Amino acid sequence: MKTFKIILMLLVVASISAFTSNNSGGYKVGDVAADFALKNINGKMVSLADYKEAKGFIVVFTCNMCPYSVANEDRLIALDNKYKKKGFPVIAINPNDPEVSKGDSYEAMKIRAKEKGFTFPYLFDEGQKVYPMYGATKTPHVYVLNKENNKLIVEYIGAIDDSSRNEANVKERFVENAVDALLKGEKPTKTDTRAIGCSIKDKRSW
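Keep in mind the model is a prediction, meaning the values are calculated, not measured. (Residues numbered from 1 in each chain as written. Predicted model: local features only at pLDDT ≥ 70, side-chain atom pairs only at ≥ 80, totals over all residues. Heavy atoms only, no water.)

Enquirer: I'm lost on the overall build of the chain in this one. Help?
Expert: For the chain, the helix and strand inventory stands at six helices and ten strands. Evaluated residue by residue, the chain yields a buried proportion of 45% over its 206 residues. Long-range pairs, those at least 24 residues apart, make up 75% of the contacts in the chain with a sequence separation of at least 6. For the chain, the exposed area adds up to about 11,100 Å²; of that, 55% sits on carbon and sulfur atoms. (Helix = DSSP H or I, 4+ residues; strand = E, 2+ residues; numbered from the N terminus. Buried < 20%, exposed > 50% of the residue type's maximum accessible area, 1.4 Å probe, protein only. Contact = heavy atoms within 4.5 Å. Areas by Shrake-Rupley, 256 points an atom, 1.4 Å probe, with all protein chains shown as cover.)

Enquirer: What should I look at first to understand the packing of helix H3 (residues 73-83) against helix H6 (residues 174-183) in this one?
Expert: Each packed pair of helices is defined by two parameters, the angle between the axes and the distance between the axes. Closest axis-to-axis distance for the H3/H6 pair is 12 Å, and the angle between their directions is 10°. Classified by the angle their axes make, H3 and H6 are roughly parallel. The two elements H3 and H6 cross, and the hand of that crossing is right-handed. Together, Leu79, Lys82 and Tyr83 of H3 and Val175, Glu176, Val179, Asp180 and Leu183 of H6 make up the contact between the two elements. In terms of residue class, the contact of H3 with H6 is built from five nonpolar, no polar and three charged. (Axes fitted to C-alpha atoms, helices over the stretch in contact; angles between N-to-C directions. Parallel < 35°, antiparallel > 145°, perpendicular 65-115°, else oblique. Left-handed = near helix turned anticlockwise from the far one by under 90°. Nonpolar A, V, L, I, M, F, W, Y, C, P; charged D, E, K, R; others polar.)

Enquirer: Just to check I follow, could you spell out the packing of aromatic side chains for this structure?
Expert: Two measures describe an aromatic ring pair: the distance that separates the ring centres and the angle between the ring planes. Under the criterion given, the structure shown has nine aromatic pairs. Geometrically, the ring pair formed by Tyr27 and Tyr134 is edge-to-face, given 4.9 Å between the ring centres and 75° between the ring planes. Placement of the pair is Tyr27 in the loop between helix H1 (2-24) and strand E1 (32-33) and Tyr134 in helix H5 (residues 130-134), with a sequence separation of 107 residues. Overall, Tyr134 belongs to the buried group, its relative accessible area being 0%. Counting every residue linked through ring pairs, the aromatic cluster contains Tyr27, Phe36, Phe61, Tyr134 and Tyr143. Here Lys39 stacks its cationic end above the ring of Tyr106, 4.3 Å away from the centre of that ring. It is Arg165 that lies over the ring of Tyr68; its NZ or CZ is 4.9 Å from the centre. (Phe/Tyr/Trp six-rings, centres within 6.5 Å; stacked < 30°, edge-to-face > 60°. Lys NZ or Arg CZ within 6 Å of the ring centre and 35° of its normal.)

Enquirer: I'm lost on the pairing of strand E9 (residues 151-158) in this one. Help?
Expert: Counted residue by residue, E9 has seven buried out of eight residues, so it is predominantly covered. Looking at chain direction, strand E8 (residues 141-148) and E9 are connected through seven bridges and run antiparallel. Across the sheet, the residue bridging to Asn146 is Ile153, located in E9. Counting the residues between successive antiparallel strands, the hairpin from E8 to E9 contains two residues, one of them, Asn149, with a positive phi of roughly 50°. (Pairing = 2+ DSSP bridges.)

Enquirer: In this structure, what is going on with the nonpolar core? I would like to understand it.
Expert: The tendency in soluble globular proteins is for nonpolar side chains to be buried as a group. Grouped together as the largest cluster of nonpolar side chains are 26 residues, with contacts concentrated most on Val144 and Val175. Going through the elements one at a time, strand E4 (56-61), H3, strand E5 (90-94), helix H4 (106-116), strand E6 (122-124), E8 and H6 are the ones with two or more residues in this core. Sort the elements by how many residues they give to this core and H6 lands first, with five residues. Contacts of Val144, omitting those with residues within four sequence positions, involve Phe57, Phe88, Ile153, Val154, Glu155, Tyr156, Val175, Val179 and Leu182. (Core = buried A, V, L, I, M, F, W, Y, C linked by side-chain atoms within 4.5 Å.)

Enquirer: What is the right way to look at the confidence of the model for the chain in this model?
Expert: For residues with low pLDDT, the predicted coordinates do not support detailed interpretation. Overall, the prediction assigns the chain a mean pLDDT of 89, with 88% of residues at 70 or greater. When the criterion is pLDDT under 50, residues 1-24 qualifies, and its contacts beyond four places in sequence or with other chains add up to one contact. (pLDDT = per-residue confidence, 0-100.)

Enquirer: Just checking my understanding: could you explain the sheet that holds E1 for this structure?
Expert: Across a sheet, paired strands are connected by hydrogen bonds in the backbone, their directions being either parallel or antiparallel. If you walk across this open sheet you meet the eight strands as E1-E9-E8-E4-E5-E6-E2-E3, and the pairing is mixed. Two strands bound the open sheet, and with one partner strand each, they are E1 and strand E3 (45-46). The sheet strands contacting H4 are strand E2 (38-40), E5 and E6, and the helix crosses E6 at an angle near 175°.

Dropping the structure here:
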């Protein structure tokens, strides 16, 4: 009985440790986000610093293969069309390792972007260095950044809205509400929601 209790206690500690490590890495709301340089589908390297006139960014980790990502593609295009001209462009990043997810190769990204008519950069996180920095765990996973004194402050992390699969059922648009507040010079009232989607495909964690 004593042995069983010890084993049970170890399992509880291990599960708590795993939960903590999954949530302690990456940016939190209020953190300063570092810039990056990733290859776009047109072959050019893209950094956030390239957007001199931007007031902030809607950074989204997404991919070709996840049905949740596919279900949100039109919403990302709509967000970019609405907010790019207001200073908050969408920057999409594919964090998946193509060796694990065959349909998420760089070549496949170019095909998918052309099929859907993406209006925003679709960047390849080669070597999977950027998504861990952000702490993204799902596709899609959104980070709204606001430029303050030449620093990019994380103002919102989570889902695009409250209906991950069916846009017709959306009742609350988290990203739109966050960006609208920032454009008014206010802080978002909701800063953190649960990202719902597919786990990021990284062979280091599989």
